[in-house]
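So the chains spell out like this:
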Amino acid sequence: MDTSTHFVMGIGLAGLAYVDPVVATDPMLAAAVMVGTIAGSQAPDIDTALRFKSNSLYIRNHRGLSHSLPFLLLWVLLITGVIGLIFSGVSLGHVALWTAVAVGVHVFTDLFNTYGTQAARPFTERWIAWNIIHIFDPFLFITHVIAILLWAFDLIAPAPLFTTLYILIGIYYVWRTIARALVVRKVRRMDNSPEPAKYIVIPTISWSRWHVVKTNKDGSYELGKIDGSELTWSLHATSSTHAAVVASRKAPEVSAFLYFTSYAVAEVEELPAGYKVRWADVRYRHRKQYPFVAVVVMDRNFKTIDTYVGWLSDEKMDKKLLSARP
């Protein structure tokens, strides 16, 4: 999920903690638990700081080790330890419990997005992405904000309020999971492809609209959308076999990009004295552009001139690389 949703979930879990009688009767402990749930709901995304070192390092590691099984325990121990220094005398067992819930909810909800996580490390480095919930889901965010306001103005007690909220959210997740399974089945039936193909459907903010990526037997992709009962294909995407594409794989930025995604295509643009190789993740096509890319500018001898990896519009990327073109 996005940072703002994780934040309101941290507050929401602090409200849910009032179902624990010990928390509900001890204001100091309740405050400590709130610090723990908010910190726990944000801690796995601390790897965002890797952006300051390099985009390639960030792309390779974001939602990786920080969301892994060993780090689930590490975050709980670190946060509980710091809270123990600030709130002396509170029951650290209760703080640890609710902090663990917050960290676990963070990682679990991230699995439902298209970006996914490496939550199963160290057993596997496979990216797990269930493509069920959009990275920003208005329903999740708005319902949390409403519940937090009701609590803040003392209109409804936190225990029944947030118990009801999370039961509702649990039902919502089940419904979205079933809805996605039905959409996948519908796409297979409506497309009726004569060739063996793999389909993924990707959630949007709209409940009725899904992006569709079809992987063909030859490794190319068909990109489209299903809106209600209408399936439309808009683009065929395939990778160039140019020698510059092969050479571009040596760039750390491209290596990080391909480590993250299995849905990449490359295209080559010939420049006056070299090439620009652009890798794009076809899952994220938006308004006829691919905002998640890895780009390498090289000379005729395939020597790298400049690189970029990350989220960027075509206009901004071209402006960034313009001065580097040979």
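Residues numbered from 1 in each chain as written. Predicted model: local features only at pLDDT ≥ 70, side-chain atom pairs only at ≥ 80, totals over all residues. Heavy atoms only, no water.

- Where an unreviewed UniProt entry is consulted, the chain appears under the name Metal-dependent hydrolase, with the organism given as Paenibacillus cucumis.

**Some thoughts on helix 8 (residues 158-191)**
Then step 1. End to end, helix 8 covers 48 Å across 34 residues, agreeing with the expected 50 Å (1.5 Å per residue, within 8%).
Then step 2. In the segment just after helix 8, N192 is the residue with positive phi, at about 50°. (Helix = DSSP H or I, 4+ residues; strand = E, 2+ residues; numbered from the N terminus. Expected span 1.5 Å × (residues − 1).)

**Overview of the UniProt feature "transmembrane region" (unreviewed entry) in the chain**
Then step 1. The sites that UniProt annotates as "transmembrane region" (unreviewed entry) are residues 69-89, 95-115, 127-153 and 159-179.
Then step 2. Here residues 69-89 is 86% helix and 0% strand, with 29 Å between the C-alpha atoms at its ends.
Then step 3. Between the C-alpha atoms that bound residues 95-115 the distance is 30 Å, and the span itself is 76% helix and 0% strand. (UniProt positions renumbered as here; feature names shortened; annotations may be inferred.)

**Things to note about the nonpolar core**
Then step 1. Among the nonpolar cores identified, the biggest contains 37 residues, and I133, L140, F162, Y166 and Y173 are the most heavily contacted of them.
Then step 2. Within the residue set of this core, elements represented by two or more residues are helix 1 (3-16), helix 3 (27-42), helix 5 (69-86), helix 6 (92-110), helix 7 (138-152) and helix 8.
Then step 3. In terms of residue count, helix 8 provides more of this core than any other element does, 7 residues in total.
Then step 4. In contact with I133, not counting residues within four places along its chain, are M1, F112, N113, L140, Y172, Y173, R176 and P203.
Then step 5. Listed in part, the 22 residues of the second largest apolar core include V245, V277, W279 and M298. (Core = buried A, V, L, I, M, F, W, Y, C linked by side-chain atoms within 4.5 Å. Buried < 20%, exposed > 50% of the residue type's maximum accessible area, 1.4 Å probe, protein only. Contact = heavy atoms within 4.5 Å.)

**Some remarks on helix 3**
Helical geometry note: an α-helix holds 3.6 residues per turn, so side chains three or four residues apart project in the same direction.
Then step 1. When the terminal C-alpha atoms of helix 3 are compared, their 23 Å separation across 16 residues agrees well with the 22 Å that a helix rising 1.5 Å per residue should span.
Then step 2. Among the residues of helix 3, L29, A30, A32, V33, G36, T37, G40 and S41 are the ones counted as buried. On an axial view of helix 3, the arc spanned by its buried residues comes to 160°, and they lie on one face.
Then step 3. On its buried face, helix 3 is in contact with helix 1, helix 2 (21-24), helix 5 and helix 6.
Then step 4. The distance from a side-chain oxygen at the start of helix 3 to the backbone nitrogen of M28 is 3.1 Å, and the residue carrying that oxygen is D26. (Arc of directions from axis to C-beta. Polar contact = N/O pair within 3.5 Å; in protein donor to acceptor, adjacent residues only side chain to side chain.)

**Quick notes on the sheet that holds strand 3 (residues 221-227)**
Then step 1. Here 4 strands make up an open sheet; going across it, the order is 1-2-3-4 and the pairing antiparallel. The outermost strands of the open sheet, each flanked by one partner alone, are strand 1 (198-203) and strand 4 (230-237). Looking at each pair of strands side by side, their axes are set apart by 25° on average, direction ignored.
Then step 2. In terms of strand pairing, strand 1 meets strand 2 (residues 209-215) through 6 bridges, oriented antiparallel. Residue pairing across strands places Y199 opposite K214, the latter belonging to strand 2.
Then step 3. Lying on the sheet, helix 8 is in contact with strand 1, strand 2, strand 3 and strand 4; it crosses strand 1 at an angle near 135°. (Pairing = 2+ DSSP bridges. Axes fitted to C-alpha atoms, helices over the stretch in contact; angles between N-to-C directions.)

**A short note on unusual backbone geometry**
Then step 1. In this model, R121 is joined to P122 through a cis peptide bond whose omega is 15°.
Then step 2. Within the element layout of this structure, P122 appears in the loop between helix 6 and helix 7.
Then step 3. A positive phi angle, close to 65°, is found at R63, a residue other than glycine.
Then step 4. One can find R63 in the loop between helix 4 (55-61) and helix 5.
Then step 5. The exposure class of R63 is buried, given its relative accessible area of 3%.

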